Amino acid sequence: MNDIIKKIEAEQLKAEVPEFNVGDTVKVYAKIKEGNRERIQVFEGTVLKKQGGSTRATFTVRKNSNGIGVEKTWPLHSPNVERVEVVRRGKVRRAKLNYLRDRVGKKAKVKELVK
């Protein structure tokens with residue numbers, strides 16, 4: 001039984017998975033269906049968390065829209081996520097940045113990683 005599930009999950013994996021970490025600012029290009037039309041919508045924000053493995057891997061992105069915090073969670077290998085583009089790298093020391101939810105303005109910023 002496990003072999004069948006593993007084969008099905010292996011077929012659903014994306015060939016190229018973008019390399020990004022928690023704290024990075026990313027642009028997520030998501031496919032949106034409206035009736036019979038399909039378009040791509042960009043969602044730009046900070047990655048709060050990454051979790052799961054293989055086909056079940058998900059990531060959560062948070063942005064401020066008109067003073068209101070908006071969070072969206074996407075499956076990493078979803079066909080509705082066309083691509084993920086890294087805008088800037090963040091320097092963090094946590095795996096999950098839940099504390100950013102309570103912060104506003106400059107305090108909600110993540111330092112940029114300089115190499």
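Residues numbered from 1 in each chain as written. Predicted model: local features only at pLDDT ≥ 70, side-chain atom pairs only at ≥ 80, totals over all residues. Heavy atoms only, no water.

Caption draft 1: Main features of the overall build of the protein. On a plain count of helices and strands, the protein comes out with 1 helix and 5 strands. Starting at the N terminus, the α and β elements of the protein follow one another as α-β-β-β-β-β. Dimensions of the protein, computed from C-alpha atoms along their principal axes, come out at roughly 50 × 35 × 25 Å. Residues classed as buried in the protein amount to 28% of the 115 residues present. The contacts in the protein between residues at least 6 apart in sequence include a share of 51% that link residues at least 24 apart. As displayed, the protein offers around 8,500 Å² of accessible surface, 47% of which is attributable to carbon and sulfur atoms. Here the protein holds 28 positive side-chain charges and 14 negative ones, and the gap between their average locations is 8 Å. (Helix = DSSP H or I, 4+ residues; strand = E, 2+ residues; numbered from the N terminus. Buried < 20%, exposed > 50% of the residue type's maximum accessible area, 1.4 Å probe, protein only. Contact = heavy atoms within 4.5 Å. Areas by Shrake-Rupley, 256 points an atom, 1.4 Å probe, with all protein chains shown as cover. Lys, Arg positive; Asp, Glu negative; His and termini not counted. Charge placed at Lys NZ, Arg CZ, Asp CG, Glu CD.)

Caption draft 2: Structural context of the nonpolar core. Core analysis: the largest hydrophobic core is formed by 13 residues, its most contacted members being Phe20, Val26, Val28, Phe59, Val61, Trp74 and Val84. Core analysis: the next-biggest nonpolar cluster, separate from the first, contains 5 residues, Leu48, Leu97, Leu100 and Val110 among them. (Core = buried A, V, L, I, M, F, W, Y, C linked by side-chain atoms within 4.5 Å.)

Caption draft 3: Inspection of the pairing of strand E2 (residues 37–51) at higher detail. The pairing of strand E1 (residues 25–34) with E2 spans 10 bridges and is antiparallel. Its bridge partner being in E2, Lys33 is matched across the sheet by Glu38. Where E1 folds back onto E2 in an antiparallel hairpin, the turn is made up of 2 residues, including Gly35, whose phi is positive at roughly 70 degrees. (Pairing = 2+ DSSP bridges.)

Caption draft 4: Up close: unusual backbone geometry. Not every positive phi belongs to a glycine, and Asn66 is a case in point at roughly 55 degrees. Considering the arrangement of structural elements, one finds Asn66 in the loop between strand E3 (58–65) and strand E4 (68–75). For Asn66, a relative accessible area of 80% gives the class exposed.

Caption draft 5: Expanded view of a positive patch on the surface. A surface patch of positive charge is lined by Lys91, Arg93, Arg94 and Lys111. Relative to the assigned elements, Arg93 resides in the segment after strand E5 (81–88). (Patch = residues over 30% accessible without salt bridge, like charges linked within 9 Å, V, L, I, M, F, W, Y side chains within 5 Å. Salt bridge = Lys/Arg side-chain N within 4 Å of Asp/Glu carboxyl O.)

Caption draft 6: Structural view of the sheet that holds E1. One open sheet holds the 5 strands; their spatial order is E4-E3-E2-E1-E5, and the pairing between them is antiparallel. Two strands bound the open sheet, and with one partner strand each, they are E4 and E5. Averaged over all pairs of adjacent strands, the angle between their axes in this sheet comes to 40 degrees, without regard to strand direction. In the sheet, E1 pairs with E5 via 6 bridges, with the strands oriented antiparallel. Opposite Tyr29, over in E5, you have Arg83 as the bridge partner. (Axes fitted to C-alpha atoms, helices over the stretch in contact; angles between N-to-C directions.)

Caption draft 7: Spatial organisation of the layout of surface pockets. One number sums up the size of the largest pocket: a volume of about 320 Å³. Within the residue set of the lining of the largest pocket, elements represented by two or more residues are E2 and E3. Ranked by residue count, the leading element in the lining of the largest pocket is E2, at 4 residues. Of the pockets and cavities examined, the second largest pocket occupies roughly 170 Å³. Considered class by class, the residues forming the lining of the second largest pocket number 4 nonpolar, no polar and 6 charged. (1 Å grid on protein atoms, 1.4 Å probe; cavity = no way out; pocket = protein on both sides within 12 Å on 5 of 7 lines; lining within 4 Å. Points joined across faces, edges and corners; volume = space filled by probe spheres on them. Nonpolar A, V, L, I, M, F, W, Y, C, P; charged D, E, K, R; others polar.)

That is the geometry; function is a separate question.
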